[in-house]
Structures are given as C-alpha cells and as structure tokens.
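Given next are the chains, with one letter for each unit.
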Amino acid sequence: IEPNPRSIEYLKKSIQLNKYKNVSLFNRGINDSKKILPFYISKKWNWSRFDNPGEDIIETKNILTDSLDNMFGDKKIDLIRMDVEGYELNILKGINKIMKQNPNLILFLEFHGDRFNTVEKKGFIRWINKNNFKIRFLGKSGEKHKITYKYVNPNKIVNLNSAYCLVLKKQI
C-alpha cells in the first residue's frame, strides 16, 4: 500500500524486474475510514505524508484513503508494518476488526516523535493502553540494537523527538 505516486512507480518496476507473482500493489493511503485526503509530497520523497505539511513540500495531491479493516478485515494478519511519518494513530483507529480476528497481531512501527505534538503522543499512548498492546522494543532508527523482550513504559514516547522503531504486541 503506497500513496506516493513516485514510490508506486518504483514498486511497479521492482515487481516487474523481479518477476514477482504474489504481490498486490495498492496506490492509496491508509486512514481510519474511506475518504480523499491531501497528500503532501516532500523534496525527500520518502518523507511525504498526509499531515503536518512543512517547508519541504513541493506538491500536494488528493489521494484516496481507506482503513485496513475495510481492505483486509476478513484476512488473517500476523504483522502490520508501517512507516507513515506521524500518521500512525489515524491508521490504528481503523484496525478494530483486524485486532479482534487476529489476537496475536504484531505492530512494527517507525514512530516519528518529531511529527507528533504532545497531545497526539498522549492519544497514541491511550490507544496502546486501551487496546492492551505493550511496547516490546524501542530503539532509535538507524542504530544497531540488541532486541530485548523487556516491555517498555509507553509514557516514554512523550519525550521522543526523532524516529524510533516500536514493536507492539498484545499482552495476553
């Protein structure tokens, strides 16, 4: 699933060059429901995003978005991986059916603390706690880590101001 028109072209070429047959490519964004939203394309194309437009934005396009529940709510899903430049909470609000049908769901997020304000970070923490997820790993992106299986207090997120990798798993 990729909303960026530039990225989608690279993905299409990669699928073709590698002769992949088991790949489905969706040129849209993910949100909590189906709607059209402005997508801000950055000079650094992998920083493009749905909210928090800044000085790096060179173009805006209206993009169809939908929830993961609407697209995949009837499927078995073990892992959701996302790097969505601060839009995590909007997407997570649209996975209720997936969470119910997949109790061992793991979320792997690149969390961009600098794209959230404190209110949004606290909302993200509330979502984690309300849905009984626990953070199993917390590390700064781009650094080598020893993966630890010790749970991390979600309140640590409030003070994060750069990109971190988070693995969330249900506490059963």
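Here the structure is shown first, and the text comes after it.
The structure contained in this document is the topic of the report that follows. Since we're looking at a predicted model, the values are computed, not measured.

Describing the pattern of salt bridges
Under the definition given, this model contains 5 salt bridges. With a closest N to O distance of 3.5 Å, Lys35 and Asp32 form a salt bridge. Owing to a relative accessible area of 34%, Lys35 belongs among the partly exposed residues under this scheme. Across the pair Glu59 and Lys61 runs a salt bridge, and its minimum N-O distance is 3.5 Å. On the basis of relative accessible area, Glu59 is assigned to the partly exposed category, the value being 35%. Given the relative accessible area of 33%, Lys61 is considered partly exposed.

Examining unusual backbone geometry
Of note in this structure, Lys19 is not a glycine but carries a positive phi near 55 degrees. One can find Lys19 in the loop between α1 (5-17) and β1 (29-30). Looking at Lys19, the relative accessible area reads 64%, which means it is exposed. Positive phi, normally seen in glycine, also occurs at Asn132, with a value near 60 degrees.

Side note on the layout of surface pockets
By volume, the largest pocket is sized at about 760 Å³. Along its surface, the largest pocket is lined by 33 residues, and Ile1, Arg81, Met82, Asp83 and Val84 are the ones closest to its centre. When residues of the lining of the largest pocket are traced back to their parent elements, those giving at least two are α1, β1, α2 (68-72), β4 (79-82) and β5 (106-112). Among the elements that make up the lining of the largest pocket, the one with the highest residue count is β4 (4 residues).

Examining the sheet that holds strand β2 (residues 35-42)
Spatially, β1-β3-β2 is the arrangement adopted by the 3 strands of the open sheet, whose pairing is mixed. At either margin of the open sheet sits one strand with a lone partner, and together these are β1 and β2. Sheet topology places β2 next to strand β3 (residues 57-66); 8 bridges connect them, and they run antiparallel. Paired with Tyr40 across the two strands is Thr60, which belongs to β3.

Considering the side chain of Thr65
Of note, Thr65 is situated in strand β3. Classification of Thr65 as buried rests on a relative accessible area of 0%. Those residues in contact with Thr65 that sit more than four places away from it in its chain are Gly29, Ile30, Asn31, Ser33, Lys34, Lys35, Leu37 and Phe50.

Quick word on α1
Given a rise of 1.5 Å per residue, 13 residues ought to cover 18 Å, and the 19 Å separating the end C-alpha atoms of α1 matches this to within 8%. Two to three positions downstream of the cap, the backbone nitrogen of Arg6 sits 2.9 Å from a side-chain oxygen, assigning the N-cap of α1 to Asn4. Phi turns positive one or two residues past the end of α1, at Lys19, with a value near 55 degrees.

Description of the pairing of β4
The alternating pattern of β4 places Ile80 and Met82 on a buried face, while none of Leu79 and Arg81, on the opposite face, is buried. Taken together, the 4 bridges between β4 and β5 define a ladder with parallel strand orientation. Among the inter-strand pairings, Arg81 is bridged to a residue of β5, identified as Phe108.

As for the packing of aromatic side chains
In this structure the tally under the stated criterion is 4 aromatic pairs. Note on Phe50 and Tyr87: the rings are 5.4 Å apart at their centroids and 35 degrees apart in plane angle, and the pair reads as tilted. In this pair, Phe50 sits in the loop between β2 and β3 while Tyr87 sits in the loop between β4 and α3 (88-92), placing the two residues 37 residues apart along the sequence. In this structure, Phe50 and Tyr87 share a single accessibility class: buried. Through successive ring pairs, a cluster of aromatic residues spans Phe39, Phe50 and Tyr87.

Conventions used here
- Sequence order sets the numbering: in each chain, residues are counted from 1 along the sequence as written.
- Local features in this predicted model are restricted to residues whose pLDDT is 70 or higher, and side-chain atom pairs enter the listing and the counts only when it is 80 or higher, whereas totals over whole chains, interfaces and linings include all residues.
- Here the side-chain values reflect all heavy atoms present in the structure, with hydrogen atoms and water set aside.
- Take a side-chain nitrogen of Lys or Arg and a carboxyl oxygen of Asp or Glu: if they are within 4 Å of each other, that pair is a salt bridge.
- When a residue's accessible area, from a 1.4 Å probe over protein chains only, is under 20% of the maximum for its type it is buried; when over 50% it is exposed; and in between it is partly exposed.
- Under the DSSP-based scheme used, a helix requires at least four consecutive residues in state H or I and a strand at least two consecutive residues in state E, with every element numbered from the N terminus.
- Grid spacing is 1 Å over the protein atoms alone, the probe is 1.4 Å, and a cavity is where that probe fits but cannot get out, while a pocket is an open set with protein on both sides within 12 Å along at least five of seven lines and lining residues have an atom within 4 Å of a point.
- Grid points are joined across faces, edges and corners, and a volume is the space filled by probe spheres set on the points.
- At least two DSSP bridges between two strands are required for those strands to pair.
- We call two residues in contact when some of their heavy atoms are within 4.5 Å.
- Expected span of a helix: the number of residues minus one, times 1.5 Å.
- Definition of a polar contact: a pair of N or O atoms within 3.5 Å, with one able to donate and the other able to accept a hydrogen when the atoms are protein atoms, and with sequence-neighbouring residues admitted only if both atoms are side-chain atoms.
- The aromatic pairing rule takes the rings of Phe, Tyr and Trp, using the six-membered ring of Trp, and pairs them if the centres are within 6.5 Å, calling planes under 30 degrees apart stacked, those over 60 edge-to-face and the rest tilted.

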